[in-house]
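Observations on the model geometry
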Amino acid sequence: MSSKLRTVCDGEGRPIIMVLSEGQMSNHKGARLVVEALPPARCLIADQGYDSAWFREAVAARGIDPCIPSSRSRKRPYPYDKTLHRQRNKVENLIAKLKDWRRIATRYDRCAHTFFSAICIAAAVIFWL
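The present account deals with the structure reproduced in this document.

Before going further, it helps to examine the overall build of the chain. Counting secondary structure elements, the chain contains 6 helices and 4 strands. The dimensions of the chain, computed from C-alpha atoms along their principal axes, are 45 × 30 × 25 Å. Sorting the 129 residues of the chain into buried and exposed places 33% on the buried side. For the chain, the computed accessible surface area is about 8300 Å², with 53% contributed by carbon and sulfur atoms. On the chain, the mean spot of the 22 positive side-chain charges and the mean spot of the 12 negative ones are 4 Å from each other.

Let us look at the side chain of His85. Among the secondary structure elements, His85 is positioned in helix H3 (residues 82-85). With a relative accessible area of 16%, His85 lands in the buried category. Excluding anything up to four places from it in sequence, His85 contacts Ile45, Ala46, Asp47, Cys67, Pro69 and Tyr80.

Okay, the pattern of salt bridges next. Between side chains of opposite charge, a pair can form as their charged atoms come close. All chains considered together, the criterion is met by 5 salt bridges. The salt bridge involving Asp51 is made with Arg74; its shortest N-O contact spans 3.0 Å. Residue Asp51 is located in the loop between strand S3 (43-45) and helix H2 (53-61), and its partner Arg74 is located in the loop between strand S4 (65-67) and H3; the two are separated by 23 residues in the primary sequence. The partner of Asp109 in a salt bridge is Arg103, with the nearest N and O atoms 2.9 Å apart. Accessibility expressed as a relative area gives 10% for Asp109, which makes it buried. With relative accessibility at 41%, the residue Arg103 sits in the partly exposed group. Overlapping salt bridges, with partners in common, bring together Asp51, Arg56 and Arg74 in one network.

Sheet topology note: the strand S1 (residues 3-9)/strand S2 (residues 15-22) ladder contains 7 bridges and is antiparallel. Bridge pairing in S2 places Arg6 opposite Val19.

Mapped onto the elements, His28 comes out in helix H1 (residues 27-34). Each C-alpha atom of the pair His28 and Tyr50 lies 5.8 Å from the other, and the pair is 22 residues apart in sequence. Apart from residues lying up to four places away in sequence, His28 is in contact with Gly49, Asp51, Ser52 and Trp54.

This paragraph deals with the packing of aromatic side chains. In the structure shown here, the tally under the stated rule is 2 aromatic pairs. Relative to Phe55, the ring of Trp54 lies with its centre 5.7 Å away and its plane at 70°, an arrangement referred to as edge-to-face. Trp54 gets classed as partly exposed once you look at its relative accessible area, which sits at 26%. Following the ring pairs from residue to residue traces out a cluster consisting of Tyr50, Trp54 and Phe55. Residue placement shows Arg32 over the ring face of Trp54; its charged tip is 4.1 Å from the ring centre.

All right, on to the environment of Asp51 then. By relative accessible area, which is 5% here, Asp51 ends up buried. Along the sequence, Asp51 and Arg74 sit 23 residues apart, while their C-alpha atoms lie 9.2 Å from each other. Only 2.7 Å separates the side chain of Asp51 from the backbone nitrogen of Ser71, close enough to count as a polar contact.

Each value, and the rule that gives it
- All residue numbers refer to positions counted from 1 along the written sequence of the respective chain.
- Totals for whole chains, interfaces and linings use all residues, but because this is a predicted model, local features are given only for residues with pLDDT of at least 70 and pairs of side-chain atoms are given and counted only at 80 or more.
- Excluded from the side-chain calculation are hydrogens and water; included are all heavy atoms of the structure.
- Each helix is a run of H or I in the DSSP string that is no shorter than four residues. Each strand is a run of E no shorter than two, and both are numbered from the N terminus.
- Relative accessibility decides the category of a residue: with a 1.4 Å probe and only protein chains considered, values under 20% of the type maximum give buried, values over 50% give exposed, and everything between is partly exposed.
- Residue exposure ignores everything except the shown protein chains as possible cover, and the areas themselves are Shrake-Rupley values with a 1.4 Å probe.
- None of His or the chain ends enter the tally, which takes Lys and Arg as positive and Asp and Glu as negative.
- Throughout, a charge is located at the NZ atom of Lys, the CZ atom of Arg, the CG atom of Asp or the CD atom of Glu.
- The contact definition used throughout considers only heavy atoms, calling two residues in contact when any of these lie within 4.5 Å.
- Between Lys or Arg on one side and Asp or Glu on the other, a salt bridge is scored when a side-chain nitrogen of the former is within 4 Å of a carboxyl oxygen of the latter.
- Following DSSP output, two strands are said to pair if at least two bridges run between them.
- Side-chain rings of Phe, Tyr and Trp (the six-membered ring for Trp) are treated as a pair once their centres are within 6.5 Å; stacked means planes under 30 degrees apart, edge-to-face means over 60, and tilted covers the remaining angles.
- A positively charged side chain is recorded as over a ring if its NZ (Lys) or CZ (Arg) lies within 6 Å of the ring centre. The angle to the ring normal must also be within 35 degrees.
- N or O atoms closer than or at 3.5 Å make up a polar contact, with two conditions inside protein: a donor-capable atom paired with an acceptor-capable one, and, for residues adjacent in sequence, both atoms drawn from side chains.

Pasting the structure below:
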């Protein structure tokens, strides 16, 4: 019954890609859902959960510079721009705005497609209308 919202947003914090996945799915597998749909960009800011060699290579192959901190288990951490990584709060703010809607925060809907529809309506009202 749990779910995770995978979101890619632009520099202004508006959602570009939103994918609803099962809650037990790891971030590595969830990244596969959005990597092909990534729009052209200079950089991709993500959290430690998305630190994997294949994801970094896939993002770099699209001409996007990955700004992802290395996980603690990595023996040789990848360098990343800490100042740029602070911009990740825009994604967190996006999720917080969506959760202001009671229906999304409490997930009354049993069906994933109904729940995702509510998320899309909330995003449209908050960011585009």
